[in-house]
Structures are given as structure tokens and as C-alpha cells.
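Examination of the molecular architecture
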Amino acid sequence: MRLGIFLPNWIGDVAMATPAIRALRKHVAGGELIAVMRPYVAEALGGNPWFDGQILYDKKSSAAAELQPPAVRQKLRDARFDAVVLLTNSLRTAWMAYRSGARQRIGMVGNLRTPLLTTRVYAPRKGRRSLTLPPTAGYLQIAYAAGASPEAPTLELFTTPADEQLADAVWKRLRLPSGDRVAVLNTGGAFGAAKDWPAAHFTLLALRLAREQGLHVVLNCGPAERQAVRNIVAEARDERIVSLAEEESLPLGLTKAMIRRARLLVTTDSGPRFFGVAFGVPTVALFGPTSVAYTRTGAAHDVGLSLGLDCQPCMARTCPLGHHRCMKDLSVERVWNAVSVALADARRVRIAA
């Protein structure tokens, strides 16, 4: 069997799709599993053992010709899929799957894509109301509709030797200690400003981690957050608190390798949160406009903090009420308490092992 799998575009969703990917890999044992995805998704999944091939696409006009729709359509036809599984919700990818010529097209209904599917997956219902599944469960539901056997919902990611070499070099440049004496703080995300926890809060948390837990702290960042983390480091004025802001390149593989080595991750509800979950790192995630329940992973080491205000979750990229209390009022003390519990639990697990 030759199976194509269209992967989600958000990094967090990709991580939450890994149980479904594993299930489909086992389902086509002896056959081929071909991933259809964006280039940055391939980077997030680097080092995985699941795919026999990949087809990359990018709708941006600036993308290379081989990633543009005409070339991708030809690659999809040439792949001669027996079936295609859609872990995406867009009409665009359903149309791409239809144009590939695959006889079977399995995916979730909605967004005008239902007529393009041959096997239609519906959300579970309670009475007359459709239930919203956490993404991990929803992706597994689609995999089961494709014939896969039950699979554990554990998130899983990998690093490559190149990722680890980059992390080795950063570890040396930043003079980080060996062993599990490093915490990573992830302050930003691609979603928008509404997910941001105040920089002053991150500064105070970093200082407490250094002074009370004896940890070195690395501020992770993407290209757009370089100055923000520089400011946090400058305000902290502690040699144990550093950032990735001065790194020439900030690939996802480096972020994965840094988090994999960490003793703790404190993060906004963004892609790197799921790196921590997938690598088994105690992870404290700070929620503002998004829902703890909707993105729950079920992992014991994944802790979500939210004030539960009446206006949450709004799912807006900027606060529609203008006060941003959901993040501003999430106190350093509350986060510190969660961090202390997470570190103590992890310590007990290490001792028991």
C-alpha cells in the first residue's frame, strides 16, 4: 500500500499528530508512507523514522518553483497513492488530495471539503451537539477511520545529529553547565501578542529559577523575538540568565535540541510547548486567549495554567477588550508554585528510577 498523509501546518498540531502518524506507519508496514507538508513542518519532524518519502509545498509566491502548486500537483499525481489521509482541515489540501488521483481520501468533514472525501470522519456527538476533541484524539480518530489499530496518545519527536551539534556549540558559547541544570523559557509564538506573558514576569521567574533552584536559564526565541529576550536578560543582570538572541540562525532543530536537554520548560501556548511534552521535559504552559482543555495532551508532565476568566478563551490574536488581564494577571507567584511542583515531581521520578 502507498499511503499519502497531509500534515497540519501549525507546529503544535504537528506534534499532537505524531500518535496518528505512528498508527498509520504501523498500518502500512511493508508499504510506503509519504508525508505531504510545509518545509518547516519537515524541520519540526526531522529525525523521525516514519516516512518513506516526502512532498513539500508552499503557497507563498516567493517559494522555490518546486514547492509551488504546479510542481506539487505533478508530484502528487506521480506518487500514485492508493489512499490519502488528511490531518488538515482546509479545503485547499482536500482539493490537492482529490487532484492526486488517490481512490481513497480520508478526512474530517467540514470547510466545504466533504464532497471531496471518500471516507468521511465526523466529530462525536452528545445528543444534538458536536463535541470538540483535543487535536491528538481527533487525529487518531482519522487514523482509525483509515484502518489503523489503536495507538497510545503519547507525543513523540526526534532530533538529528546536526541539531545536536548546533546545541553543543550553543551550550559551549553560553557556558551552560552539563547535566540537567538548565531551564528553558519560551516567551513568544507565531499566534500573536495575546499569548504573550509580560516580559517583567519572565524576568522575575528567571531570577527565582537561578537564585532559588540554582538553575541556569536560557531564553528561547524566534527571529521576531530577539530584542524581547535581550531586554529580559539585560533587566535580570545575572550571568546565569542568557538567551539565543545572538545566534546567527534559529532553526527549529536547535530549539528541539535545547529543550530536549532541559530540566524544565516554561512557555506560552506555542509550538515549543509541544517539544517539551514530546521529549518528556516537565512543561508549564501559560494560557491566555487559548484553551487548556482543547490542547490537552494527557501527559502528566504537561501543566497548563489559566486564570479561567469569563472572557477566556477568546481565541483572538489581540485582546478584544483591551486589558489583556488573562496574561497580565497570571502572577509570577502562581507560575512559580507550578514550577516548584513540576521540578519536585520530576526529582521524585528520577530518584524512583
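Structure: see above.
In this text the structure is predicted, and so the values were computed from the model without any measurement.

**Some words on the pattern of salt bridges**
Opposite charge on two side chains permits pairing when their charged atoms draw close. In the structure shown here, the tally under the stated rule is 18 salt bridges. A salt bridge links Arg-25 to Asp-52; its shortest N-O distance comes to 2.7 Å. With Arg-25 in helix H2 (residues 18-27) and Asp-52 in the loop between helix H3 (39-44) and strand E3 (53-56), the pair connects residues that are 27 residues apart, well separated along the chain. Classification of Arg-25 by relative accessible area gives buried; the value is 16%.

**Section: the environment of Arg-22**
As for its placement among the helices and strands, Arg-22 is situated in helix H2. Taking relative accessible area as the criterion, Arg-22 reaches 10% and is therefore assigned buried. C-alpha of Arg-22 to C-alpha of Ala-152: the two residues are 130 residues apart in sequence and 9.2 Å apart in space. Engagement of the side chain of Arg-22 in a polar contact is seen with the side chain of Glu-151, the distance being 2.8 Å.

**Remarks on the sheet that holds strand E2 (residues 32-37)**
An order of E3-E2-E1-E4-E5-E6 is seen for the six strands of this open sheet, with the pairing classed as parallel. The sheet is open, and its two edges are formed by E3 and strand E6 (119-121), each paired on a single side. Direction aside, neighbouring strands of the sheet carry axes that sit 15° apart on average. Pairing of strand E1 (residues 2-6) with E2, which is carried by five bridges, proceeds in the parallel orientation. The residue bridging Gly-4 from the neighbouring strand is Ile-34, located in E2. On the sheet, helix H4 (residues 69-79) packs against E1, E2 and E3 and is oriented at approximately 155° with respect to E3.

**A look at the packing of aromatic side chains**
Under the defined criterion, the tally for this structure stands at four aromatic pairs. Ring geometry for Trp-95 against Tyr-98: centres 5.4 Å apart, planes inclined by 25°, an arrangement best described as stacked. Within this pair, Trp-95 and its partner Tyr-98 are both found in helix H5 (residues 91-99), separated by three residues, close to a single helical turn. For Trp-95, a relative accessible area of 43% puts it in the partly exposed group. Measuring from ring centre to ring centre gives 4.9 Å for Trp-197 and Phe-202, while their planes differ by 85°; the resulting arrangement is edge-to-face. When its relative accessible area of 1% is taken as the criterion, Phe-202 is described as buried.

Conventions we followed
- Residues numbered from 1 in each chain as written.
- Predicted model: local features only at pLDDT ≥ 70, side-chain atom pairs only at ≥ 80, totals over all residues.
- Heavy atoms only, no water.
- Salt bridge = Lys/Arg side-chain N within 4 Å of Asp/Glu carboxyl O.
- Helix = DSSP H or I, 4+ residues; strand = E, 2+ residues; numbered from the N terminus.
- Buried < 20%, exposed > 50% of the residue type's maximum accessible area, 1.4 Å probe, protein only.
- Polar contact = N/O pair within 3.5 Å; in protein donor to acceptor, adjacent residues only side chain to side chain.
- Pairing = 2+ DSSP bridges.
- Axes fitted to C-alpha atoms, helices over the stretch in contact; angles between N-to-C directions.
- Contact = heavy atoms within 4.5 Å.
- Phe/Tyr/Trp six-rings, centres within 6.5 Å; stacked < 30°, edge-to-face > 60°.

Keep in mind these values describe shape, not function.
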